[in-house]
Structure formats: structure tokens, C-alpha cells
Amino acid sequence: MSKPPQSDVVSCEEIPVDAENPGKGVVAIVTIARPDKLNALNSEVSQALKEACRWATDDDDVRVIVFAGAPPNPPAEGERAKPNAFIAGADISEFVGIDGNTIRQRFKSNAWEAIWHLEKPTIAMVDGFALGGGCEVAMSCDIRMGSERAKFGTPEINLGLIPGGGGTQRLPRLVGYGRAMEMILGGEMVDASTALEMGLLNHLCEVDELEQKTLELARNIAGKSPHALKVAKACVRAAIEKPMRQGLEEEAIAFAGLFDSEDKEIGVKAFLERTEAEWVGK
Ligand code: COA
């Protein structure tokens with residue numbers, strides 16, 4: 001087990017999958033922590049998220065990765081409290097005076113792609129605003145859990161821009177062409193129940209239950225064979241990235257490949273013997 005990276009703007013916490021059995025690994029909670037700026041994604045956050053992704057990839061104990069936004073700090077005397085946010089977008093202050101070449105370089109190796117390319121399962125835990133680049137971080141995850149105060153939107157159009165972290169591609173794949181067009185062209189936010197109905201959220205929870213429900217889901221997934229999870233994720237991903245004929249071929253090869261894995265023998269034997277599988281991850 002390696003030490004999780006920590007920075008001023010992103011923290012990584014390890015939650016044991018089973019407190020009694022360290023061999024079952026951990027759920028990593030990666031928290032974006034710039035609450036005074038509604039966790040806006042600046043260059044420093046982006047670098048720290050990429051580092052967190054590298055750590056989560058390299059550390060075999062990490063089974064599932066949850067991305068979250070830090071809650072607001074208590075307001076100073078006489079000041080109004082900041083709202084809760086997952087991430088309220090790319091940091092707009094970093095856009096001033098930036099030309100196309102510079103932004104292209106800056107966005108080339110980005111946090112959205114780092115999250116999207118994680119081979120382990122990922123969950124976005126959205127409590128508050130998930131706007132622009134924040135909505136795109138959530139969409140780069142495999143599953144989205146939201147609280148009643150979750151709000152999604154792609155407001156870039158209001159800045160004379162478009163989504164640049166994969167939003168124009170991932171949003172229509174999640175919610176369909178018409179709803180994606182409405183969000184991207186109109187720039188309006190959708191509330192949590194609309195997000196649920198659209199398929200942008202997998203589950204909508206009460207604020208107080210969001211973390212517990214997210215961890216329940218994460219722990220359930222983390223209890224499966226890490227090897228089979230990786231193969232399953234790659235195959236489902238093929239469904240949205242490749243023609244169906246190719247995806248079916250890849251599924252057939254992957255399915256057969258699992259019959260040569262140790263975890264398949266372990267899983268089948270455990271089922272027949274009514275015991276719990278002790279996965280080895282290969
Ligand atoms: N980039 C940089 N700073 C941001 C930000 C962003 N995307 N979103 C919020 N902030 C900052 C605000 O500038 C403000 O900072 P300050 O207190 O130092 O002035 C702080 O976060 C709180 O935001 P504020 O706008 O005062 O909160 P609000 O409750 O009035 O409004 C939002 C909340 C989310 C509606 C509003 O902040 C907003 O529209 N943010 C931008 C969303 C966006 O366009 N994202 C896409 C960017 S490409």
C-alpha cells in the first residue's frame with residue numbers, strides 16, 4: 001500500500017472495504033478542496049487530480065475511486081455562506097487573455113481524460129453545483145450519485161465558449177442528443193430530480209445519506225474480482241466508443257479470456273462451496 005498524495009487543493013482518503021479484513025482493499029475518496037471558489041478546477045487542481053489518478057492506478061489496494069467536492073467553510077462574521085459544490089467548472093479566472101494555442105496545450109493532458117481512462121470503477125458523489133468542467137468530471141466517472149442539492153449544467157455558452165472537457169461527447173451519450181443539445185446550447189442548469197430522470201444521475205439521495213449510500217455502492221463493487229471489474233469496464237466502454245460488431249467481438253474475447261483467470265476459478269468454486277471468494281485479482 002502506498003501513501004495517497006495530498007495537496008492543498010485535493011485530498012485522498014482511504015476507506016477500508018472491510019474493516020475486519022485489510023486484504024479486501026480500500027475505496028479511495030478523492031476530494032477537490034477549494035470550497036471558497038466552489039471547488040473550481042484550476043491548473044493546480046487539475047495536476048493534483050492527475051496525480052491522484054496515477055496513485056489510484058498504481059496502488060493495488062485501491063478498488064474503487066470516489067470523486068467529491070469539499071463542503072463550504074463556515075462563513076466569516078457577517079458574510080453569506082458559500083453554496084455546496086461538487087465543482088463549479090473550470091476556473092474562469094484562468095481564461096482571461098489566454099489564446100487558443102495556450103489553452104490547447106493546457107487541455108491536452110487533462111484531468112477529465114485521466115479520470116475517464118482509469119481502469120478501476122469510478123463514482124462521482126455530487127452534493128451541490130456540478131457545472132461546466134465539474135459536470136464533465138462527473139461524466140468522466142462511471143456512476144453518478146447525487147444529493148437533493150445537486151445541480152448540473154454546461155454554462156460555457158454563457159461565456160461564449162463550449163464544453164472543452166469532453167462534454168459535447170459524453171453528455172449526449174448519457175442523456176441523448178436532444179437533452180444534451182438543450183443543456184449545451186441553452187446553458188441552463190438542471191436540478192437533481194431532472195438529472196435523475198435524464199440519466200445524468202444514477203441515484204438521488206437525501207443530503208445526509210449521500211455519503212453512506214455512495215460508500216455502500218462503492219463497497220459492493222469493491223467486493224468483486226478486481227480483474228473481472230477491469231475487463232467489464234473495458235467492454236462496457238467499448239459499447240460507447242466502438243461499432244457494435246467490434247464491441248461484441250471484444251466481449252467474446254474478453255469473456256473467454258476470463259476463463260483462463262484465477263479469479264474465475266476462485267469465484268465459481270466459492271459459489272459451489274457457498275463460501276466467500278478471496279480474489280487474487282488475476
Ligand atoms: N471559476 C472561478 N471562480 C468561481 C467559479 C468558476 N467556475 N465558480 C464560482 N467561483 C467563485 C466566485 O467567483 C466566488 O468567488 P469570490 O467569493 O472570491 O468572489 C465564489 O466562487 C462563490 O461563487 P458565487 O458566484 O459568489 O456564488 P453564488 O452562490 O452567487 O453562485 C454559481 C453560484 C455556481 C451560480 C456561480 O458561482 C457561477 O455561475 N459560477 C460559474 C459557473 C460556470 O460558468 N462554470 C463553467 C465554467 S467554464
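The rules behind each value
- Residues numbered from 1 in each chain as written.
- Predicted model: local features only at pLDDT ≥ 70, side-chain atom pairs only at ≥ 80, totals over all residues.
- Heavy atoms only, no water.
- Phe/Tyr/Trp six-rings, centres within 6.5 Å; stacked < 30°, edge-to-face > 60°.
- Buried < 20%, exposed > 50% of the residue type's maximum accessible area, 1.4 Å probe, protein only.
- Lys NZ or Arg CZ within 6 Å of the ring centre and 35° of its normal.
- Domains from an automatic or database assignment.
- Contact = heavy atoms within 4.5 Å.
- Buried area = accessible area lost by both parts, 1.4 Å probe.
- Salt bridge = Lys/Arg side-chain N within 4 Å of Asp/Glu carboxyl O.
- Polar contact = N/O pair within 3.5 Å; in protein donor to acceptor, adjacent residues only side chain to side chain.
- Helix = DSSP H or I, 4+ residues; strand = E, 2+ residues; numbered from the N terminus.
- Axes fitted to C-alpha atoms, helices over the stretch in contact; angles between N-to-C directions.
- Parallel < 35°, antiparallel > 145°, perpendicular 65-115°, else oblique.
- Left-handed = near helix turned anticlockwise from the far one by under 90°.
- Nonpolar A, V, L, I, M, F, W, Y, C, P; charged D, E, K, R; others polar.
- Core = buried A, V, L, I, M, F, W, Y, C linked by side-chain atoms within 4.5 Å.
- Disulfide = S-S within 2.5 Å.

## Some remarks on the packing of aromatic side chains
All chains considered together, the criterion is met by two aromatic pairs. Arranged with centres 5.2 Å apart and planes meeting at 50°, the rings of Phe107 and Trp112 form a pair that is tilted. Overall, Trp112 belongs to the buried group, its relative accessible area being 5%. Aromatic pair Phe255 and Phe259: ring centres 5.1 Å apart, planes at 70°, arrangement edge-to-face. The cationic tip of Arg170 hangs over the ring face of Trp116; the distance from NZ or CZ to the ring centre is 4.2 Å.

## What about the domain arrangement of the protein chain?
Split by domain assignment, the protein chain resolves into domain 1 (10-222) and domain 2 (226-273). For domain 1 and domain 2, the distance between their C-alpha centres works out to 27 Å. The interface is formed by 10 residues belonging to domain 1 together with seven residues belonging to domain 2. At the boundary of domain 1 with domain 2, total buried surface from both sides reaches about 810 Å², with 52% on carbon and sulfur atoms. Of all residues in domain 1, Trp116, Glu119 and Arg173 give up the largest surface area on contact with domain 2, accounting jointly for 60% of the area buried on that side. Our count for the domain 1 to domain 2 interface comes out at three salt bridges. Linking Glu119 and Lys230 is a salt bridge whose minimum nitrogen-to-oxygen distance equals 3.5 Å. Counting every contact that joins domain 1 to domain 2 gives seven residue pairs in polar contact (both at pLDDT 80 or more).

## With respect to the environment of Ile115
Counting through the fold element by element, Ile115 comes out in helix H3 (residues 111-116). As for Ile115 and Met139, which are separated by 24 residues in sequence, their C-alpha atoms are 9.6 Å apart.

## Regarding the pattern of salt bridges
With the rule as written, the count across this model stands at 12 salt bridges. The salt bridge involving Glu262 is made with Lys282; its shortest N-O contact spans 3.9 Å. Here Glu262 is found in helix H11 (residues 262-272), whereas its partner Lys282 is found in the segment after H11, with 20 residues between them in sequence. On the basis of relative accessibility, which here comes to 41%, the residue Glu262 falls in the partly exposed class. Salt-bridge contacts for Glu265 lead to Lys264; the nearest nitrogen and oxygen are separated by 2.7 Å. Assessed through its relative accessible area of 46%, Glu265 is described here as partly exposed. Residues joined in a network through salt bridges with shared partners are Asp142, Lys233 and Arg237.

## A look at the packing of helix H4 (residues 133-140) against helix H5 (residues 167-175)
At a closest axis distance of 10 Å, the pairing of H4 and H5 adopts a crossing angle of 55°. Taken together, H4 and H5 sit at an angle that is classed as oblique. Relative to H5, the crossing made by H4 is left-handed. Contacts between H4 and H5 involve Glu136, Met139 and Ser140 on the former and, on the latter, Gly167, Arg170, Leu171 and Leu174. Across the contact of H4 with H5, the residue classes break down as three nonpolar, two polar and two charged.

## Let's talk about the nonpolar core
Ranked by size, the top nonpolar core spans 45 residues in total, and within it Leu49, Phe67, Phe86 and Phe152 carry the most contacts. Per element, the largest residue contribution to this core is seven residues, and it comes from helix H1 (residues 43-58). In this structure, Val17, Met125, Cys205 and Leu215 belong to the second largest nonpolar core, which totals 18 residues.

## Quick word on the state of the cysteines
If you walk through the whole model with that rule in mind, you get zero disulfides. Note on Cys53: no disulfide assigned, nearest cysteine sulfur contributed by Cys141 at a separation of 8.7 Å. Overall, Cys53 belongs to the buried group, its relative accessible area being 4%. Cysteine Cys135 is unpaired, with the sulfur of Cys141 as its nearest cysteine sulfur at 11 Å. Given a relative accessible area of 0%, Cys135 falls into the buried group.

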